[in-house]
Structures are given as structure tokens and as C-alpha cells.
Amino acid sequence: MAGHAARGRGGGRPTLEEVAARAGVGRGTVSRVINGSPRVSAATRTAVEAAVAELGYVPNTAARALAANRTDAVALVVPEPETRFFAEPYFSDVLRGVGAQLSETEMQLLLIFAGNDQRRQRLAQYLAAHRVDGVLLVSVHADDPLPELLSQLEIPAVISGRRSADEALPSVDSDNFAGACSAVEHLLARGRTSIATITGRLDVYGAQRRLDGYRAALREAGRPVDERLIVQGDFTEEGGRRAMRELLAACPGLDAVFAGSDVMAAGARQALREAGRRIPEDVALVGFDDSAIARHMDPPLTSVRQPIEEMGRAMIDLLLAEIADDRPVAARRLERRQLVLPTELVERDSS
């Protein structure tokens with residue numbers, strides 16, 4: 001009997017019309033139930049769901065997408081080399097959050113790298129063909145042309161980490177300024193008097209805000225900001241190692257370092273050990289991200305936790321809302337939907 005229930009009148013797949021006949025409702029009502037419309041009574045919904053189960057009906061998502069001029073796919077675009085993507089826990093945590101939230105829908109996720117001009121050109125052609133319904137952008141630099149391209153093509157997009165205070169795209173970010181303040185305040189409370197920082201690339205707005213937070217916390221405590229104690233890194237381990245060596249050469253008496261990422265903190269730790277400095281006895285060390293690197297470092301790294309996985313989930317929620325919003329793009333952009341999630345300092349043995 002079960003084998004017969006899973007086939008329609010012609011012996012093939014059950015149709016929408018057959019589900020409607022079995023449930024005693026119209027074709028449109030079945031369609032509304034399948035698409036999750038609230039404009040259906042509980043009794044009708046139960047009858048349709050029972051008919052779907054009895055017949056073994058499977059919605060034709062390809063046909064539905066075609067009829068709605070949709071692809072049922074979104075792209076996660078990373079304008080960075082693959083080496084950085086797979087080396088930094090930040091990206092895998094974002095991807096985990098995005099994937100978890102998207103699994104509750106019928107949308108597919110495409111991962112696209114656009115770390116050089118050739119790849120950007122290919123991506124532009126791909127997007128111009130409207131092969132995805134929306135785009136998630138992560139690790140976007142201030143001069144990246146991709147956000148403007150998406151605006152021109154009127155493709156819904158959400159950016160992780162604003163490019164500036166005047167970000168035009170919907171965005172999800174962590175409170176980089178407050179996170180940096182909490183790191184420096186913690187080091188001051190521990191009695192540290194010469195606190196250095198290794199920043200990320202300063203064409204990234206989040207790195208700028210972390211540097212702003214560092215400066216603000218020192219000024220709030222009545223401490224001067226010594227520019228020799230500020231060195232720019234690039235969010236890589238080697239960048240952290242190089243910056244730490246530069247800091248030790250310029251200010252050998254420093255007793256604390258706030259690194260703008262856990263990966264750079266790992267590089268700084270290597271340089272400190274090469275120089276014979278003990279952590280935290282000689283130099284306290286604080287990172288940013290609270291990634292697995294922080295937990296597994298020796299000693300375990302004090303770090304500012306940004307809720308990266310939650311940020312990935314929030315990006316999908318914002319993007320799906322953008323895709324469902326049928327108002328003109330200009331009207332949507334006026335709202336500038338921007339979400340800033342709080343950070344939290346996680347204290348460990350390195351400070």
C-alpha cells in the first residue's frame with residue numbers, strides 16, 4: 001500500500017492537483033501550505049499535510065524557483081586568498097553560522113573566492129547573470145568595488161563588518177570599539193603601564209575601530225598614547241611576529257600587548273619567546289576573536305570574544321529579509337539595516 005501511495009495516477013510522481021483532490025481543497029491552498037503562508041486555517045493545513053504524507057508528494061523546488069524568477073541560492077563571497085580563509089578561524093566560524101541558519105531553508109550556499117582581479121572579473125560576470133538571489137560579503141576592504149557592483153546590479157547583499165561609519169549596505173558587525181576598550185582596561189587593571197597594540201590592516205574598518213578603542217581606553221585612564229607602541233599588522237601570524245619584533249626594538253620596556261586578532265597574538269607570542277620574554281610575567285598578551293587558537297595557546301590567551309557564529313546566522317536572517325522585500329532597492333537602502341553585536345572579554349592565563 002505504501003508503494004502505491006507514493007505514486008500519482010500515471011504511476012509517476014504525485015502532483016499538486018492530486019494532493020489538492022485528496023485534501024479536498026483547491027490547488028492554490030495546497031501551494032500556500034507548502035510555502036508556509038499564514039493565510040491558512042489549522043484544520044486545512046493539517047488536511048493538506050496529511051495528503052502530502054499519504055501520497056509522498058515532493059515539491060518541485062526548481063519549478064517553483066523558475067516561476068518566481070529565483071535561483072534558491074545565495075553566495076558567500078570572500079575577497080581574500082584561500083590560504084587566509086583556511087588559516088583563520090574567523091572565516092570558518094562565520095561559515096558555520098551561515099550554514100546552520102541556511103539549513104532551515106531550501107536555499108543552497110555557494111562559496112566564492114575573489115582574492116584577485118581575474119577572479120573579481122569572473123565573479124562580476126557571474127553575478128550579472130543573476131545566478132544567485134543574494135550575496136554575503138566578508139572581509140571587505142574600504143576600496144573594494146564589489147559592494148558597488150552589487151548595488152548597481154540590484155542584488156540583495158549583506159556585509160560582515162562595515163566599511164565605514166556610513167555603510168550603505170545592510171551589515172552585521174561586532175562592537176570592535178568596546179571590545180578593544182575592555183582589553184586595554186583589563187591590562188591597566190592588572191597594573192600594566194606600557195601597553196602596545198598590533199593592529200590589523202587599517203583599510204578594514206573593524207581594525208580602525210579596535211585602534212580607536214585602544215586609544216580611547218588609554219586616554220580615559222589619563223595615560224598618554226605613545227605612537228611608538230602602535231604597529232600595524234595584517235591579521236596573519238607572520239604579521240603578528242614581525243610587528244612584535246618591531247615593537248620590542250622600539251620599546252624594549254613594554255609590559256603588555258593587545259593584538260587585533262588571536263592569529264596575530266600567536267605570532268607575537270613566538271617573537272616574545274624568541275626574545276626571552278615570559279608571558280604573562282614579563283609581558284601580558286591579549287587577543288581578539290576568542291577563537292580555538294586562544295584556548296589552545298600556551299599559556300591560554302585572554303581574548304575579546306566576538307560572537308562570530310551568531311554573526312553568520314544574523315547575516316542570513318538579514319539577507320533573506322532583503323530577498324523577500326519587493327520594494328525598490330533605493331527604498332530598502334534608506335533603512336540601512338545594521339546590526340552590532342556585543343563583545344565580551346574572556347580572561348585566561350596570558351594576562
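To start, this report covers the structure provided alongside it. (Residues numbered from 1 in each chain as written. Predicted model: local features only at pLDDT ≥ 70, side-chain atom pairs only at ≥ 80, totals over all residues. Heavy atoms only, no water.)

### Some points on the overall build of the chain
Assigned secondary structure in the chain consists of 16 helices and 12 strands. Counting over 351 residues, the chain shows a buried share of 50%. Roughly 16300 Å² of accessible area belongs to the chain as shown, and the carbon and sulfur atoms make up 50% of that amount. (Helix = DSSP H or I, 4+ residues; strand = E, 2+ residues; numbered from the N terminus. Buried < 20%, exposed > 50% of the residue type's maximum accessible area, 1.4 Å probe, protein only. Areas by Shrake-Rupley, 256 points an atom, 1.4 Å probe, with all protein chains shown as cover.)

### Overview of the packing of aromatic side chains
Overall, the coordinates contain 6 aromatic pairs when judged by the stated rule. Aromatic pair Tyr90 and Phe91: ring centres 5.5 Å apart, planes at 80°, arrangement edge-to-face. Both residues of the pair, Tyr90 and Phe91, belong to the buried class. Of the aromatic side chains, those joined through ring pairs into one cluster are Phe85, Phe86, Tyr90, Phe91 and Phe113. One residue, Arg210, lies across the ring of Phe288, its end atom 3.8 Å from the ring centre. (Phe/Tyr/Trp six-rings, centres within 6.5 Å; stacked < 30°, edge-to-face > 60°. Lys NZ or Arg CZ within 6 Å of the ring centre and 35° of its normal.)

### Describing the sheet that holds strand 1 (residues 73-78)
One open sheet accounts for 6 strands, arranged 2-1-3-4-5-11; its pairing is parallel. A strand with exactly one partner marks an edge of an open sheet, and here the two such strands are strand 2 (108-113) and strand 11 (338-341). Each neighbouring strand pair of the sheet contributes to a mean axis angle of 20°, computed without reference to strand direction. Bridge count between strand 3 (residues 134-138) and strand 4 (residues 157-160): 4 bridges; the pairing is parallel. By the bridge assignment, Val138 is partnered in strand 4 with Ser160. The strands touched by helix 7 (residues 89-102) are strand 1, strand 2, strand 3 and strand 4; relative to strand 2, the strand with the most contacts, the crossing angle is about 160°. (Pairing = 2+ DSSP bridges. Axes fitted to C-alpha atoms, helices over the stretch in contact; angles between N-to-C directions. Contact = heavy atoms within 4.5 Å.)

### Observations regarding the packing of helix 8 (residues 117-128) against helix 9 (residues 146-153)
Helix packing for two helices is described by the angle between their axes and how far apart those axes are. The contact between helix 8 and helix 9 brings their axes to 11 Å, and the two run at 20°. With respect to helix 9, the axis of helix 8 lies roughly parallel. Where helix 8 crosses over helix 9, the handedness of that crossing is right-handed. Residues Leu123, Ala124, Leu127 and Ala128 of helix 8 form the contact with helix 9, whose own contacting residues are Leu146, Leu149, Leu150 and Leu153. Looking at side-chain class alone, the contact of helix 8 with helix 9 contains 8 nonpolar, no polar and no charged residues. (Parallel < 35°, antiparallel > 145°, perpendicular 65-115°, else oblique. Left-handed = near helix turned anticlockwise from the far one by under 90°. Nonpolar A, V, L, I, M, F, W, Y, C, P; charged D, E, K, R; others polar.)

### Observations concerning helix 12 (residues 237-250)
Helix length check: helix 12, at 14 residues, gives a terminal C-alpha distance of 20 Å against a target of 20 Å (1.5 Å per residue), a fit within 8%. Among the residues of helix 12, those classed as buried are Gly239, Gly240, Arg241, Ala243, Met244, Leu247 and Leu248. Packed against the buried residues of helix 12 are strand 6 (195-199), strand 7 (230-232), strand 8 (256-259) and helix 13 (262-274). (Expected span 1.5 Å × (residues − 1).)

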